[in-house]
Amino acid sequence: MVRRGRSWLRKVRNLVVNIRELGFAEAARLYRYRFSERYHDWRLGIRTTGVIRPAEAGAEEHYQCYEAAHYRCLHAAMQYFDPQGEQDVLLDYGCGLGRAVIVAATYPFARVIGVELSEELSRRARENLRRAKRRLRCPRVQIVTADAACYEVPPEVNAVFLFNPFTGPVLQAVIQRLHHSWQRRPRVLRLVYLYPAHEPNLFQQCGWLELDRELSTADWDGVRMLAYRSAAP
Ligand SMILES: C[S@@+](CC[C@H](N)C(=O)[O-])C[C@H]1O[C@@H](n2cnc3c(N)ncnc32)[C@H](O)[C@@H]1O
């Protein structure tokens, strides 16, 4: 009881500090965003908020922190993919606690795959998946624990999502793997890259993907979400 009282006190103190430092309008935006993220987690019965640093997840070089994509961005990405059932398979590179995978699985994809390097995050993603099961429309959802650089892309994958999961040689290896998969089985491959690490990013330069359009990230200031599609096979 005493602990709960202290935690409320801390929250009120943080609120006051945030209003003082950010101004009322900006603080209101921050709290609206936090509330909305928790609300959507609560609706799906999952826990995906917060930031997890490399050391906590057991990984180091070229590793980006875990943080989930905003729900609004995820829905914008899934609407762009516009899955129609049987032929649509989505791969989320660096799926973390599984939010993007789970949101994708509420759409009619035939299969959704999340690839995650950290065993601990994969375990928690599978737990989230179990909790959200009743709300999913996709019949086959899978969390694979693997380094994306070594993961062979299944030939059915035609939608790829990345929320700035890695940079440098890992990203280069992933682009190569996607290219091989596309060459082996030419198909329309669409890819959404949220929060590109560098501009121009490596997808822009790879020569076999073309920028299709920029998607709205709603009120996520300064963050870009770029949609690419493969050139005609
Ligand atoms: C920014 S989070 C994205 C989370 C998720 N896509 C979402 O939107 O909810 C990036 C994730 O990429 C993972 N990651 C980093 N390097 C990786 C690698 N080489 N292979 C697979 N996953 C990796 C991290 O563990 C982290 O969970």
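Residues numbered from 1 in each chain as written. Predicted model: local features only at pLDDT ≥ 70, side-chain atom pairs only at ≥ 80, totals over all residues.

With 5 bridges connecting them, strand E7 (residues 190-194) and strand E9 (residues 225-230) associate as antiparallel partners. Paired with arginine 190 across the bridge in E9 is arginine 229. With 6 bridges joining them, strand E8 (residues 209-215) and E9 adopt antiparallel strand pairing. Each bridged residue has a counterpart across the sheet, and for leucine 209 the counterpart in E9 is serine 230. (Pairing = 2+ DSSP bridges. Helix = DSSP H or I, 4+ residues; strand = E, 2+ residues; numbered from the N terminus.)

For the rest of this paragraph, the subject is the nonpolar core. Core analysis: the largest hydrophobic core is formed by 57 residues, its most contacted members being Leu90, Ala100, Val101, Ala104, Val112 and Val160. Those residues in contact with valine 112 that sit more than four places away from it in its chain are Leu90, Val101, Ala104, Ala105, Cys138 and Val141. (Core = buried A, V, L, I, M, F, W, Y, C linked by C-beta atoms within 7 Å. Buried ≥ 20, exposed ≤ 12 C-beta atoms within 10 Å, placed from the backbone. Contact = placed C-beta atoms within 7 Å.)

Assigned domains within the chain: domain 1 (2-44) and domain 2 (66-230). Centre-to-centre separation of domain 1 and domain 2, based on C-alpha positions: 30 Å. In this assembly, 5 residues from domain 1 lie in contact with 5 residues from domain 2. A class-by-class count of the residues in the side of domain 1 that touches domain 2 yields 1 nonpolar, 2 polar and 2 charged. (Domains from an automatic or database assignment. Nonpolar A, V, L, I, M, F, W, Y, C, P; charged D, E, K, R; others polar.)

Moving on: helix H4 (residues 71-81). Within the span of H4, buried status applies to Tyr71, Cys73, Leu74, Ala77, Met78 and Phe81. Down the axis of H4, the smallest arc covering the buried residues is 160°, so these residues share one side. A positive backbone phi angle near 45° is found at aspartate 82, which sits one or two residues after H4. (Arc of directions from axis to C-beta.)

With that settled, consider unusual backbone geometry. Its identity is not glycine, yet aspartate 82 carries a phi of approximately 45°, on the positive side. In this structure, aspartate 82 sits in the loop between H4 and strand E3 (85-93). In this structure aspartate 82 comes out as exposed when scored by C-beta crowding, with 11 C-beta atoms within 10 Å. With a phi angle near 30°, asparagine 164 is a residue other than glycine that sits in the positive phi range. Within the secondary structure, asparagine 164 is located in the loop between strand E6 (159-163) and helix H7 (168-184).

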